[in-house]
Structure formats: C-alpha cells, structure tokens
Amino acid sequence: MPTWLLSLDRFFPIRYITWIACAIVMLVGAFTQVVAHTGGAWAVLGLVGVITGLRDVRQRRHSILRNYPVIGHLRFLFEFIRPEMRQYFIEGDNEAAPFSRQQRSLVYQRAKGDPDKRPLGTQLDVQAEGYEWINHSLQPTKLASHDFRVTIGPNCAQPYDASIFNISAMSFGALSGAAIRALNGGALRGNFAHDTGEGSISVHHRAQGGDLIWEVASGYFGCRNPDGTFNAELFTQHATEPQVKMIEIKLSQGAKPGHGGVLPGPKVTKEIAEARGVEQGVDCISPASHSAFSTPIEMLEFIAKLRELSGGKPVGFKFCVGHPWEWFGIAKAMLETGLLPDFIVVDGGEGGTGAAPLEFTDHVGAPLQEGLLLVHNTLVGLNLRDRIRIGCAGKVVSAFDIARMMALGANWCNSARGFMFALGCIQSQSCHTDHCPTGVATQDPLRQQALVVPSKIERVHNFHRHTLEALKELVQAAGLRHPNQITANHIVRRVAGDKVKLLANHLQFIAPGSLMAAARGECDWPHNVYKIYWPIARADSFAPGPAAVCAEGLKVALPTVAAGDAVDLAL
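Attention in this report is confined to the structure presented alongside it. Keep in mind it's a predicted model, so treat the numbers as computed, not measured. (Residues numbered from 1 in each chain as written. Predicted model: local features only at pLDDT ≥ 70, side-chain atom pairs only at ≥ 80, totals over all residues. Heavy atoms only, no water.)

**What about the overall build of the protein?**
At step 1: Counting its regular elements, the protein contains 22 helices and 17 strands.
At step 2: Burial statistics for the protein: of 571 residues in total, 50% are counted as buried.
At step 3: Total accessible area on the protein stands at roughly 26600 Å², and carbon and sulfur atoms take up 57% of it.
At step 4: Of note, the protein has its 53 positive side-chain charges centred 5 Å away from the centre of its 51 negative side-chain charges. (Helix = DSSP H or I, 4+ residues; strand = E, 2+ residues; numbered from the N terminus. Buried < 20%, exposed > 50% of the residue type's maximum accessible area, 1.4 Å probe, protein only. Areas by Shrake-Rupley, 256 points an atom, 1.4 Å probe, with all protein chains shown as cover. Lys, Arg positive; Asp, Glu negative; His and termini not counted. Charge placed at Lys NZ, Arg CZ, Asp CG, Glu CD.)

**Comments concerning the sheet that holds strand 14 (residues 491-496)**
At step 1: Here 3 strands make up an open sheet; going across it, the order is 1-14-15 and the pairing antiparallel. This sheet does not close on itself; its edge strands, each paired only once, are strand 1 (132-134) and strand 15 (499-502). Within this sheet the neighbouring strands show an average axis-to-axis angle of 30°, counted without direction.
At step 2: Direction of pairing for strand 1 relative to strand 14: antiparallel, over a ladder of 3 bridges. Within strand 14, the residue paired with Trp 133 across the bridge is Val 492. (Pairing = 2+ DSSP bridges. Axes fitted to C-alpha atoms, helices over the stretch in contact; angles between N-to-C directions.)

**Looking at the side chain of His 204**
At step 1: Among the structural elements, His 204 can be located in helix 8 (residues 203-208).
At step 2: Looking at His 204, the relative accessible area reads 8%, which means it is buried.
At step 3: In this structure the side chain of His 204 is engaged in a polar contact, spanning 2.9 Å, whose partner is the side chain of Arg 181.
At step 4: One polar contact links His 204 to Glu 271, side chain to side chain, over a distance of 3.2 Å.
At step 5: Beyond its immediate stretch of four places on either side in the chain, His 204 contacts Phe 172, Gly 177, Ile 180, Arg 181 and Glu 271. (Polar contact = N/O pair within 3.5 Å; in protein donor to acceptor, adjacent residues only side chain to side chain. Contact = heavy atoms within 4.5 Å.)

**Description of the side chain of Ser 202**
At step 1: Tracing the sequence through the fold places Ser 202 in the loop between strand 5 (194-195) and helix 8.
At step 2: Judged by relative accessible area, which is 2%, Ser 202 ranks as buried.
At step 3: Setting aside residues no more than four positions away along its own chain, Ser 202 makes contact with Phe 172, Ile 180 and Ala 275.

**Some remarks on the nonpolar core**
At step 1: By size, the foremost hydrophobic cluster in this structure holds 133 residues, and its most contacted members are Trp 327, Met 334 and Ile 344.
At step 2: For this core, the element with the highest residue contribution is helix 18 (residues 453-477), accounting for 8 residues.
At step 3: Residues in contact with Ile 344, not counting those within four places in the same chain, are Phe 317, Phe 319, Trp 327, Met 334, Val 375, Leu 379, Ile 388, Arg 389, Ile 390 and Gly 391. (Core = buried A, V, L, I, M, F, W, Y, C linked by side-chain atoms within 4.5 Å.)

**Observations regarding helix 11 (residues 296-309)**
At step 1: Taking 1.5 Å of rise per residue, 14 residues should cover 20 Å, and helix 11 covers 20 Å from first to last C-alpha, within 8% of that figure.
At step 2: Within the sequence span of helix 11, burial applies to Pro 296, Ile 297, Met 299, Leu 300, Phe 302, Ile 303, Leu 306 and Arg 307. (Expected span 1.5 Å × (residues − 1).)

**Details of a nonpolar patch on the surface**
At step 1: Together, Ile 64, Tyr 68, Ile 71, Leu 74, Leu 77 and Phe 78 give the surface a local cluster of nonpolar side chains, amounting to about 530 Å² of exposed area.
At step 2: Here the nonpolar patch gets 3 residues from one element, more than from any other, and that element is helix 5 (residues 73-90).
At step 3: Following the sequence through the fold, Ile 64 ends up in helix 4 (residues 63-67).
At step 4: Of the residues examined, Ile 64 reaches a relative accessible area of 36% and is grouped as partly exposed. (Patch = residues over 30% accessible without salt bridge, like charges linked within 9 Å, V, L, I, M, F, W, Y side chains within 5 Å. Salt bridge = Lys/Arg side-chain N within 4 Å of Asp/Glu carboxyl O.)

Written out as structure tokens, the structure is:
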C-alpha cells in the first residue's frame, strides 16, 4: 500500500469509505430527485447503506462489522457461498470432501442413464500409496444377469432373498417425504431393499410398496409406549406387514456412534409424529442406549423375541464397532446361548447422512475396513461365519467399492449418500439446516417441490442397475460367478513406493476355528486384539471383566502383555 494511503488511513480510516460512499450516493440521489425527479431510487439505496453502517458500528456481535461497516457484509456473503465456489471452481476431481467430484459425477451419470465411460486413462495416481486394483483373469466368465442376491435368514420362516446393493438407513424427518417416496419407488422398480432408518415406517414408505428393512432403534419409534419403552403389540402390527422383509436393531451408527439425538419439537410435524408414535410439537428423544436390554445375552433374547413376533422374518443388528470387548461379549453370548442374529450390518465411522458434532464425525467409531474385518474375522474364528450374513455401509458408491467390501467379508453393501446423489443431492452439506437446495433433506414444503418423484424414481433405479451392471463386468473380468467369490486375494494395494501387496497379505485374516482354539489354550491368539480383549469380554455384561468363560466352560485368565505387544491393538 502506498505511503500516502497509509498516512491517510491513520487520520481517516479507509475502511469507512464504503459507508461514506453510501452517504454521498444518498445525498446526490436526493439532490437529483429534487432537481430532476430521477434520483429517488439512488437516494433510497444510499439511505439503506447509511442505516446499515450505523447499525454495524453499534452492534456488539460481529467485530468485523464494527470495524468494516457495510463492506464487512461481503465477508459473510463469501463465507455463505464458499462451499459452492470451492465445489465448482477450485476443488479437484479427485479431492474427497467427503465425496470427490469424480465419485459424484459417476452417480449422476448412472442415475441419469448418461455415458459413464472415461477417455484417455485413469486420473488417479497409480504410483500413490493406497492405490488399489482388482486382478483380472485371462479366462473371463460370462454371466447372464447383474441381479446378484444373497439369502438372509435361510432358516427363518420367511427368509429374504436380498440384492447385494441396497439403500442404507435414512429416516423420514432427516429426508423429505418426496425423497422417501422416490427411494422406495426406485427400490420397487429394481427389486432391492430400502432401510427405513430409525424414524420408523411412514406413509411415504408405504406409498410405493418397495421392500423395507425396518430399523428399530433405542427410541422404538413405531413400536413404543408413551414412556419410550418397547411395545410388542405395535411391533407385531407393523413387522408382519408384507412390505417389511427384515428387522434391524440399531445399536449405533457411523455418523455419531454412542450419541443419542433430539428432534426439536417445532420439527416434529404431524406426519413425523404419526410415523414415530410420538406427540406432535414435542421434542422427540433418541436415547443413546436401549431400554429393552442391557447385556449381550438380553440383546440376543430380544432378537429371538422380535423374530417370533414378526412371524419368522430375519432379525439382526447394526452397529459401528467401538470397544472390542463389547463386540466380543456379543460373540460370547452367541456361543453361550446358541441364539444367533440372522445378520449383522457394520456401519463405518466415516459417517453418513446424519449430522453430528465434529468430534464424532472425525474421531469416533472404527472406520468400515477395520470394523468389518474384526466382525468377519471373529465369526470365522468361532466357526459362525456361515450362519450369519454380514452387510456393511460406509462411502460405497461404485462397483469397485462393493467388490472391495466383499473381499473384506461382506455379503452385501448398503449406500445412503450414493442414493442421495441419485436423487439430485449436490453435497451442499446443509442437510441439518432444513435449507437443502434440492429438496432431498428438508421438511420445507416449497423446497420439496423441487424433487419430482416420478423422475427421481427412475434415477434411483438407474443408479442401482448400472452400478450392478458395472459390478457384473468386474466379476466377469476376474473370472468369477458371483461377487461373494471375491476375496482379499483378488485385490492388490500399493503399500509404499514400488511395493504392492494382496489385501490378503496386507490385512490379517484368521483361520476358521482359530479363536476357539486360542481360547482353549491350544494355539496362540490370532491377533493382539483377541489376546487383550477376548478374555475380559463378558456375555452377561457389556462392561469388561477380569476373566471370562469360553464356550467350553474353561476359565481364561487375563493375559499378560509384553511391552512390544502392547502397542499393537489395531483391529
């Protein structure tokens, strides 16, 4: 800045020039209005600026506005439009925040039925650490259909033959009624499942008739007594509806594991109140934990009870992995009681559609890879894996994402944000403000009108179909017959520099029965996470104990840990 301008600023702050300019415009406009009858609009505009500046220097909330009257408002304007400006003009195609432009474009193209091919090769850095690919075969297979399915609850009275790609849990209330109708209509068209989220089954879920996975959470919405406890009669009434195919007990979610929630009273509309079985206009509370059970054994007994009340439909639970001993306690309860869930859905700590405190979004809950691998390995080590199906959710939008999760042990994948993109979500990250620009995550009736349900039904169906068609091509290229045949031996990862490893060698997969054998003292523990936490896990409590009883009744003392082992507790 020139010296003369700095000197002037000491006696007359330049930051007030905009405010003074408003006063000049007001005076000139008033003068020309009096003389020539043409400056009235300018006079009013200048007056607004003068009044705004006066208000700015007198208010006590914003320091910027006190020091920079009038012009300081530009700061808040630019801050308001910063996400859009970054997304459209600055962000690179492969910057994931939380989904990259390339990922979103892939969903948009497949949802619209536009070409999704890429010319001139990959935009990814194939030499970067973490780059992955799937090995192909010189003898590809030829598959007749992309409609890959997995049977959940084969021993139930009403097993469900599910698609391996389904809509993850998103409640009515978090999403608009129009968005729910479009998702469910797409699920009906494509013959795949739509998870209700913890907000229960609304009129919008029933409007199209698509298959539902009813999520029952700690608030027991749709099956609760006035005091918030579980109501078996109401549960039976809804669970036996033909549209409901499975029951999913939510223990925790990736967006904010271990955290309850409150839907403020003003947001509890008549429709939301009817769906959840709560009072309209009154705060809707989601407790952090369940009241129907308090121990692993009680939880499995609750699962068995829901299976009976639903008429023999598959019942399982969803959780984001936290304390390993709590998951091991559930596993021990399975061995002790013989009661098994029909399925387990592992939610990744990467978060989801639910808004959460930043600390929970960034630093609570095991990421999907670690959580899924721990659950899969534990069931393998207990010889239970063949009897329990595993689903997963966490940033799954492409066919390769699905293939990779299958390699880690999943039987099927769910996607929430992927299907939101299919509805038209632009990742404005305003889901919690009720100001969603596309009508997806809002209860504002006017904003919801932007979402045309018949058109979006087609897009949801297209995204599902084209993604599975791409997965079919991957499976064929690998020389396989079904995605569930994909293993960690098919995926290669660059670990550092010029070194690459199969996921089977990069990650640890344990042998069938090895955890049972280690608990009996017949072999070493397959991993330190089991060595440290399995002995203190309890079937009768989610709290850790000093000792535990394995399936054979053997007492297992708390092991001593060498200094070199103590740091190796990764899942």
